[in-house]
Amino acid sequence: MDNSRRPVGPIEWTEGQEHWDHWWHYLTPSPAHRRLGLTCLGVGMQQGRLPAVGPRVLEHHVAVVILSGEGWFSSDGRPPVDVRAPVLLWLYPGVVHHYGPYEPGWSECFVDFTGPATDAYRELGFIDRQEPVVPLSSAEAVQHLVKKMATVCRQGGPHVEVETSAAVHELLVALRRGRADRDPNGHPVLESLARDACLPLTIPEHARRMGMTVAELRDSVRRSAGCSPKDYVLSIRLTRAKDLLAGTDLGVASIARRVGYDDPAYFTRIFTRRVGSAPSVFREQRSRGFIG
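These notes cover the structure that comes with them. For every chain, the first residue of the written sequence is number 1, and numbering continues from 1 along that sequence. pLDDT decides what is reported in this predicted model: residues at 70 or higher carry local features, side-chain atom pairs at 80 or more are listed and counted, and totals for whole chains, interfaces and linings draw on all residues regardless. Only hydrogens and water are set aside; all other atoms, that is, all heavy atoms of the structure, feed into the side-chain values.

1. What about the overall build of the protein?
No. 1: Only DSSP runs of H or I reaching four residues or more are called helices, and only runs of E reaching two or more are called strands; each is numbered from the N terminus. Within the protein one finds 11 helices and 10 strands.
No. 2: The buried label applies to any residue whose accessible area, calculated with a 1.4 Å probe on protein chains only, is under 20% of its type's maximum; exposed applies above 50%, and partly exposed to all values in between. For the protein, buried positions account for 42% of its 292 residues.
No. 3: For the protein, the share of sequence-separated contacts (at least 6 apart) that also reach a separation of at least 24 residues comes to 72%.
No. 4: Roughly 15,400 Å² of accessible area belongs to the protein as shown, and the carbon and sulfur atoms make up 51% of that amount. In what follows, residue pairs with any heavy atoms lying within 4.5 Å of each other are defined as contacts. Each accessible area value is a Shrake-Rupley result obtained with a 1.4 Å probe; residue values ignore everything except the protein chains displayed when judging cover.

Shown next, in the form of structure tokens:
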């Protein structure tokens, strides 16, 4: 952090001065709502000469998005770093954090959330405890979602918790797509794997085609998709096979070859194990009678 900037700590107020505009709403989801997987605990928007936050520790996740302005942020006892909008600040449960704006203040929105689905989002790379500060290319989509959540809270009703919890899923996707270090339209390694997934290629062959080692390919796919290259390719193959089973009258052996398997019996086994039903059963259940 640039030590020539205003010292870390709360901004001093001028008595009687209007310095801080804010709106927030906190929710108390029931046990049934918590079984949705993600529950929204609070949503808010504020701007101006906000006071510094912390040092403090929370028991849940908070996504704080700085929409305009600059400030500083410290997490897990690390020295403060400068942050500049648009940027995402992750507040992780059990991790001490401390942050605030420089003069003349900043604009931010935040969403508090919790639930067992956070583990899955972490595994898929949407939440990374090693990256508490995430520069964004744009915060427009996030701001839109927070405003939508605020509208739901203001209107009230019996399903506020359900609607806001559904919006948390959208928020996590928007934050992922808005990262400044990622292409919002895709990842070149994943795009290459998806393009060639149905070719009869091994993972080492995929890696060689991309000029990578298998370890480099594995690390890249794990960071970007939260799974191994083998699982990523398998998911694409089985998705394509489902489309062909439901929408064509091609035989199972022909479909197996089209998605990269020369052995129909092996394709049937792996399809059945992953999908939970055999290809023929899947076709019977999904066919709408207009094939042929």
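2. Observations concerning the pattern of salt bridges
No. 1: A pair is scored as a salt bridge if a Lys or Arg side-chain nitrogen falls within 4 Å of a carboxyl oxygen belonging to Asp or Glu. A complete count under the given rule lists 7 salt bridges for this structure.
No. 2: With a closest N to O distance of 3.0 Å, R49 and E103 form a salt bridge. Of the two residues, R49 sits in the loop between strand 2 (39-48) and strand 3 (53-56) while E103 sits in the loop between strand 8 (97-101) and strand 9 (106-114), which places them 54 residues apart along the sequence.
No. 3: Look at R49 and you get buried, because its relative accessible area is 12%.

3. Brief notes about the pairing of strand 7 (residues 87-91)
No. 1: Most of strand 7 sits inside the fold, with 5 of its 5 residues counted as buried.
No. 2: The two faces of strand 7 match: V87, L89 and L91 on one face and L88 and W90 on the other face are all buried.
No. 3: Inspection of the sheet shows strand 4 (residues 61-68) paired to strand 7 by 5 bridges, in the antiparallel sense. Paired with V65 across the bridge in strand 7 is L88.
No. 4: By this definition, two strands are paired if DSSP reports at least two bridges between them. Pairing of strand 7 with strand 10 (residues 133-135) involves 3 bridges; the strand directions are antiparallel. Within strand 10, the position partnered with L88 by the bridge is V134.

4. With respect to helix 10 (residues 264-275)
No. 1: A helix is expected to reach a length of 1.5 Å times the quantity of its residues less one. Taking 1.5 Å per residue as the helical rise, helix 10 with its 12 residues ought to reach 16 Å, and the 16 Å between its terminal C-alpha atoms agrees with that figure.
No. 2: Buried residues of helix 10: F267, I270 and F271, and no others. For helix 10, the angular spread of the buried residues around the axis is 105°, confining them to a single face.
No. 3: Contacts made by the buried residues of helix 10 are with helix 8 (229-247), helix 9 (252-258) and helix 11 (279-286). This arc describes the spread of directions from the helix axis toward the C-beta atoms.

5. Digging into empty space enclosed by the protein
No. 1: Cavities and pockets are defined on a 1 Å grid built over the protein atoms alone: a cavity is a set of grid points where a 1.4 Å probe fits but cannot escape, while a pocket is an open set with protein on both sides within 12 Å along at least five of seven lines, and lining residues are those with an atom within 4 Å of any such point. Grid points are joined across faces, edges and corners, and a volume is the space filled by probe spheres set on the points. For the structure on display, the rule yields 1 cavity of 30 Å³ or more.
No. 2: Taken as a whole, the largest cavity encloses approximately 60 Å³ of empty space.
No. 3: Lining the largest cavity, in full, are L88, W90, F126, D128, E131, V134, L175, R176 and R179.
No. 4: Of all the secondary structure elements, the ones that give two or more residues to the lining of the largest cavity are strand 7 and helix 4 (160-177).
No. 5: For this scheme, ten residues count as nonpolar: Ala, Val, Leu, Ile, Met, Phe, Trp, Tyr, Cys and Pro. Four count as charged, namely Asp, Glu, Lys and Arg, and the remainder, Gly too, count as polar. Looking at the lining of the largest cavity residue by residue, the class counts come to 5 nonpolar, no polar and 4 charged.

6. What about the nonpolar core?
Generally speaking, a soluble globular protein has its nonpolar side chains buried in company with each other.
No. 1: What makes a nonpolar core is a set of buried Ala, Val, Leu, Ile, Met, Phe, Trp, Tyr and Cys residues whose side-chain atoms join them at distances within 4.5 Å. Within the largest apolar cluster, 32 residues are counted, with the highest numbers of intra-cluster contacts made by V65, L88, W90, V111, F113, V142 and L175.
No. 2: Counting only elements with at least two residues in this core, the list comes to strand 2, strand 4, strand 7, strand 9, helix 2 (117-123), helix 3 (140-155) and helix 4.
No. 3: Tallying contributions element by element places helix 4 first for this core, with 7 residues.
No. 4: Beyond its immediate sequence surroundings of up to four residues, V65 is in contact with V87, L88, S107, E108, C109, L136, A139, V142 and L175.
No. 5: By size, the runner-up hydrophobic cluster in this structure holds 15 residues, among which are L50, V64, I66 and A85.

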